[in-house]
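# What the coordinates show
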Amino acid sequence: MSIIAEAKHLKAYYITQSYGIERTVKAVDDISIEIKEKEVLGIAGESGCGKSTLLKVLLGTIDPPLKIVDGTMQYEFEESYNVLSMSKDEIKQIRWTQVSYIPQGSMHVLNPVRKIRDIFHDFIATHQNLNKSETTKLSQDYLQKLGLSGQVMNAYPHQLSGGMRQRVTIALATILSPKLVFADEPTTALDVLVQRGVVQLLKEIQQREGSTLVLVSHDMGVHANLADRIAILYAGKLVEEAETQSIFKNPLHPYTQYLIESLPRLDDKTERSSIPGRPPALDNPPEGCRFHPRCPHAMDVCTKEVPPLVDIGEGHKTACFLVSEEKT
Amino acid sequence: MIHSTDENLLDIANLTKVFTLRQGFSTTKLVAVDKASFFLKATQPEIVALAGESGSGKTTVAQMILGLTEPTSGIIRYKSKDLTKLTRQEKRSWFLKEVQPIFQNPFATFSPLKRIETYLFETAFNYNVVEKENVNQYVDDILGLVGLSLAEISGRYPNELSGGQAQRVSVARALITAPSLLVADEPVSMVDASLRMSIVNLFRQLKDEKAVSVLYITHDLATAYYAADRIAIMLGGWIVESGSVEKVLGQPLHPYTQNLKQSIPDPDPDRKWEGQVNLAVLETDEFTNMGCKYASRCPEVMEICKQKIPTDFLVENRTVKCFLYEDNNPT
C-alpha cells in the first residue's frame, strides 16, 4: 500500500506569554507517523495526551498559540503537498474535496436556523458550481446510498435525534468524496446504539469511497471494531503503533497493557484496576520516559533517557526500554 | 421491578414527569418519565444501575429523587417517607444528609474560583456533622476513603486536578454527611478511560466497606455490568427491563436490551459488530408512538405493538415490558 500522508519528527508546542512568563506546552513532541492509503488508522490516548493537537497539525490548521517547532508533514495525492508551508488559501483548495474533517462534538456544528437541505446546499455550492436543485439531488442520493432517511432533508437540526445529527454531519463532511478523512472523537458522548450506527456509517463510507480514515478516539472498543492499525499516544509521544490484532493480543508498552486490561467486559465481574497516578501536565513533563512515574516496571534508565521508538517486526513499533533493551 | 417484602431504602412507584413545551400558541406534552417503578433494598447496600440511551429519562428520574424537579405523579419514598410531602426543615436536616448527588462533569461541579477543599469544609459545617476542632481530621478521613488526602488537595483549584481526582473529591464531598444513598448521574462519562475504573471501583468499595447504596445512572453498559447488582433499562421514559445485572445483560429478554447488548463495543478485534442497527430519525419520534415506543425499530414487532402499550410481565425473576412475554403473569 502506498502512503497517503506522512509526518516526520513533528514537534508542535503551544507557546504562550503572559506578563513576561513564557509557558510551553509540548502537546506533540517528536511524532513520526505514516498513514497508508485506504486504511483506517486509529489514534488512541486519554484526554490531554495531544490527540487533538496532532490532528490539527495533520490537517494543517495551525493557529497561534500552537506553533510548529520542527518536523515535516506531507500529503501524497496526485501531487504532493507540504502541509506546513501551505498558505491558508492553498489549504482551502484541498479542504473537504481532498482532505476532510469530522470535528469533535459534531452534532452541534449544524446551523440551527437552516434546514438540512439548505446546509447541504451552502456547503456544496462553496466548492462546486451547482444550483439548489442539483445540490438537493446530489445530497439526497448520497444520503440514500448511506442508508439514511430522506426525511431529514426538510428538518431543522434540532428536530433530529442526536445520532441522526451526528450522521448528517458525517455525510456532509464526506459528500465531496475526500481521499483522506480525519475524525476527532466521533462517537464520544453518544450512547451505545448511536455509537454503533456512527461507526457503521464511517466504515461504510470508507469502504464505498475507498478513502483513508484517521480515527481519533479514547474508546478502545471502537478502535477494535473499526481500525486496521492503532497508534497509542501518551503525553505527546507516540508510545506504540501496530496492527489492531497485535495491539490487543500482544501489547508491549506497559501503558497499552494497562489501557487494555482496565477495560470492563460483559460477562466478567472480576476486579479491574485502573492505572495508578494521573497523566502528566504537558508544560512540565517528567524526564526520560513520560510514563515512568506510573509504570510498574520503571527502571533507572527510564527516569533519565527517552526511549526510542523501535520496530520489533511486522510494523509493530514501541517506545519502551523493556523491549529495546532486550533487543540490543 | 418486583417488590421485596421488606421495607425498601428507596421506593419508586409509577413515577411520571410530563414536560409541557410551548411553541407560540401550540403546546405539546412530552412524557419524559412514564410510570417508572423500581426500588433499592434496605436490608443490604446495593448498587443499582439505571441505563439507557440519551433522552430516555434517566437524568429526570435522578432529579426527581434529589428533589430538584417536582414529579407530575407517582410516589418516591425514601426510608418509607414520601419525599414530596417533606417539610423544608425535614428536607434540610434529614433528607439532604441521607441522599447526596454526584454529577457528570467534575469541573462543572466545582467553581473554578474556589479552592476545592472549601466545598468539603462548607458541607461539613452546613450540616453540622462534626465539631469545629475535629473537622480537619474528619475531612482527611473521608478523603482517605476515596484514595486522597487533605495535604494532597489542600489549596488547589479544580483545574489543578485530573478529572479522576476531581470526581473523587466530589464523591468525598458527597460522603461528608455520611449518606445512605448516592445518586450518581453519569459519574464516569467525563473521566479519562484510564481513570474511569478508579471511580467505579470506589463505588464497589464504598458499598462493601461503608454500606452506602448507589443509584448509578449511566449509558455505559460495560461499567454498569461491572459495578451494579441490579439494573433497570430505560427507553423513552419507560423502564423496559429490570432485574439482576447478570440476568438482564447476560441473557436479555426485551428486544431493546438485546440490541443494546450487541452494540457494546467489545475491546476484541475478533468480535466485531455484524448487521445493521436501526436508529430513530426524529428526536420526538419515540415519545409520540401510540403503542410500544420501540415498535418502529424493533426487529420482532407485531401488530399489537403498534396499537397498545405493553404492561410489565414477570419473566424469570425480572420484569419485561414487551408483548413477546404476554403469556407470563403481569406484575
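Cut-offs applied
Residues numbered from 1 in each chain as written. Chains lettered and ligands numbered in written order. Predicted model: local features only at pLDDT ≥ 70, side-chain atom pairs only at ≥ 80, totals over all residues. Helix = DSSP H or I, 4+ residues; strand = E, 2+ residues; numbered from the N terminus. Rg over C-alpha atoms; globule rule 2.2 N^0.38 Å. Buried ≥ 20, exposed ≤ 12 C-beta atoms within 10 Å, placed from the backbone. Contact = placed C-beta atoms within 7 Å. Axes fitted to C-alpha atoms, helices over the stretch in contact; angles between N-to-C directions. Parallel < 35°, antiparallel > 145°, perpendicular 65-115°, else oblique. Left-handed = near helix turned anticlockwise from the far one by under 90°. Nonpolar A, V, L, I, M, F, W, Y, C, P; charged D, E, K, R; others polar. Arc of directions from axis to C-beta. Pairing = 2+ DSSP bridges. pLDDT = per-residue confidence, 0-100. Core = buried A, V, L, I, M, F, W, Y, C linked by C-beta atoms within 7 Å.

Further remarks concern the overall build of chain A. Each helix and strand in chain A was counted, giving 11 helices and 12 strands. Against the globule reference of 20 Å for 328 residues, chain A gives a C-alpha radius of gyration of 21 Å, in line with a compact fold. Projected onto its principal axes, the C-alpha coordinates of chain A cover approximately 70 × 50 × 45 Å. A buried classification covers 46% of the 328 residues belonging to chain A. Here the contacts in chain A between residues at least 6 apart in sequence split such that 64% fall between residues at least 24 apart.

Each helix and strand counted, chain B has 12 helices and 12 strands in total. Taken over the C-alpha trace, chain B has a radius of gyration of 21 Å; the compact-globule value for 331 residues is 20 Å, and the two agree within 12%. The C-alpha extent of chain B, read off along each of the three principal axes, is 70 × 55 × 50 Å. Residue burial in chain B is summarised as follows: out of 331 residues, 47% are buried. Of the contacts made within chain B by residues no fewer than 6 positions apart, 64% connect residues no fewer than 24 positions apart.

Contact geometry of helix H6 (residues 192–209) of chain A with helix H11 (residues 255–263) of chain B gives a least axis separation of 8 Å together with a crossing angle of 55°. By the angle class used here, H6(A) and H11(B) are oblique. Once H6(A) is placed against H11(B), the crossing between them reads as left-handed. For the pair H6(A) and H11(B), the contacting residues are A:Val192, A:Leu193 and A:Arg196 in the first and B:Asn259, B:Leu260 and B:Ser263 in the second. Of the residues that constitute the contact of H6(A) with H11(B), the class distribution is three nonpolar, two polar and one charged.

Residue and element names in this part refer to chain B. Residues Ile-116, Glu-117, Leu-120, Thr-123 and Ala-124 constitute the buried set of helix H4 (residues 116–126). End-on, the buried residues of H4 take up no more than an arc of 125°, which puts them together on one face. Opposite the buried face of H4, by more than 90 degrees, sit the exposed residues Thr-118 and Asn-126. Trailing H4 by a residue or two, Asn-128 shows a phi angle of about 55°, which is positive.

We now examine the sheet that holds strand E7 (residues 181–185) of chain B. All names here are of chain B. Here eight strands make up an open sheet; going across it, the order is E6-E7-E8-E3-E9-E10-E12-E11 and the pairing mixed. What marks the edges here is a single partner per strand, and that holds for strand E6 (99–102) and strand E11 (313–315). Taken over all neighbouring pairs, the strand axes of this sheet differ in orientation by 20° on average, direction set aside. Strands in contact with helix H7 (residues 163–175) are E6 and E7; relative to E6, the strand with the most contacts, it is inclined by about 170°.

Looking now at the environment of A:Arg265. For A:Arg265, the location among the structural elements is in the loop between helix H9 (254–261) and helix H10 (300–304). Counting along the chain gives 16 residues from A:Arg265 to A:Ala281, while the straight-line C-alpha distance between them is 30 Å.

Below, the discussion takes up the confidence of the model for chain B. Confidence in the prediction for chain B averages 85 pLDDT; 92% of positions are at 70 or higher. Taken together, the chains of this predicted complex give a pTM of 0.83 and an interface ipTM of 0.76.

Here we take up unusual backbone geometry. Residue and element names in this part refer to chain A. Pro-65 follows Pro-64 through a cis peptide bond whose omega is 10°. For Pro-65, the location among the structural elements is in the loop between helix H1 (51–59) and strand E4 (66–76). The residue Ser-177 is not glycine, and still its phi comes out positive at about 45°. Relative to the elements of secondary structure, Ser-177 occurs in the loop between helix H5 (162–174) and strand E7 (180–184).

This part is about the interface of chain B and chain A. The extent of an interface is frequently quoted as the accessible surface area lost upon association of the parts. Every contact between the two is made by 40 residues of chain B and, on the other side, 47 residues of chain A. Of the residues forming the side of chain B that touches chain A, the biggest block, seven residues, is contributed by helix H8 (residues 193–210) of chain B. Tallied by class, the residues present in the side of chain B that touches chain A amount to 19 nonpolar, 14 polar and seven charged.

It is worth spelling out the pairing of strand E3 (residues 47–52) of chain B at this point. Residue and element names in this part refer to chain B. Of all the six residues making up E3, six are buried; the element is thus mostly covered by neighbouring parts of the structure. Neither face of E3 is left uncovered, since the one carrying Ile-47, Ala-49 and Ala-51 and the one carrying Val-48, Leu-50 and Gly-52 both have all their residues buried. As paired strands, E3 and strand E8 (residues 213–218) are joined by five bridges and run parallel to one another. Directly across from Ala-49, in E8, lies its bridge partner Tyr-216. Taken together, the five bridges between E3 and strand E9 (residues 230–235) define a ladder with parallel strand orientation.

A word on the nonpolar core. Counting 178 residues, the largest nonpolar core has A:Val214, B:Ala49, B:Leu215, B:Tyr216, B:Ala224, B:Ile231 and B:Ile233 as the members making the most contacts within it. Sorting elements by how many residues they give to this core places H6(A) first, with eight residues. Residues within four places of B:Ala49 in sequence aside, it is in contact with B:Tyr216, B:Thr218, B:Ala224, B:Ala228, B:Ile231 and B:Val245.

Let us look at the environment of A:Ala183. Residue and element names in this part refer to chain A. For Ala-183, the position within the fold is in strand E7. Taking the C-alpha atoms as reference, Ala-183 lies 27 Å from Thr-24; in sequence the two are 159 residues apart. Each residue touching Ala-183, except ones within four places of it in the same chain, is listed here: Ile-102, Leu-202, Leu-213, Val-214, Leu-215 and Val-216.

Bringing the pairing of strand E3 (residues 40–44) of chain A into the picture now. Walk down a regular strand and you will see the side chains alternate between the two sheet faces. Residue and element names in this part refer to chain A. Extensive coverage of E3 is indicated by the burial of five of its five residues. A two-sided burial pattern is seen for E3, the buried positions comprising Val-40, Gly-42 and Ala-44 on one face and Leu-41 and Ile-43 on the other. Strand direction decides the pairing type here: E3 and strand E8 (residues 212–216), joined by four bridges, are parallel. Bridging across to E8, Val-40 finds its partner in Leu-213. Judged from the four bridges that link them, E3 and strand E9 (residues 229–234) form a sheet pairing that is parallel.

All names here are of chain A. Strands sit in the order E2-E1-E4-E5 across an open sheet of four strands; the sheet is antiparallel. At either end of the open sheet lies a strand with only one pairing partner, and these are strand E2 (21–36) and strand E5 (80–82). With direction set aside, neighbouring strand axes in the sheet form an average angle of 10°. For strand E1 (residues 3–18) and E4, the ladder comprises eight bridges, and the chain directions are antiparallel. Bridge pairing in E4 links Tyr-14 to Leu-66.

Residues and elements named next belong to chain A. Running from amino to carboxyl end, helix H3 (residues 116–127) crosses helix H4 (residues 132–145) at an angle of 105°, the nearest separation of the two axes being 9 Å. If you check the angle between H3 and H4, you find them roughly perpendicular. Note on element contacts: H4 touches H3 through Lys-132, Thr-135, Thr-136, Leu-138 and Ser-139, opposite Arg-117, Phe-120, His-121, Ile-124 and Ala-125. Class assignment for the residues of the contact of H3 with H4 results in four nonpolar, four polar and two charged.

All names here are of chain B. Looking at where Arg-115 falls in the secondary structure, it is placed in the loop between helix H3 (106–109) and H4. A residue is classified by how many C-beta atoms lie within 10 Å of it, and Arg-115, with 16 of them, is partly exposed. Discounting residues that sit within four places of it in the chain, Arg-115 has contacts with Gly-155, Arg-156 and Tyr-157.

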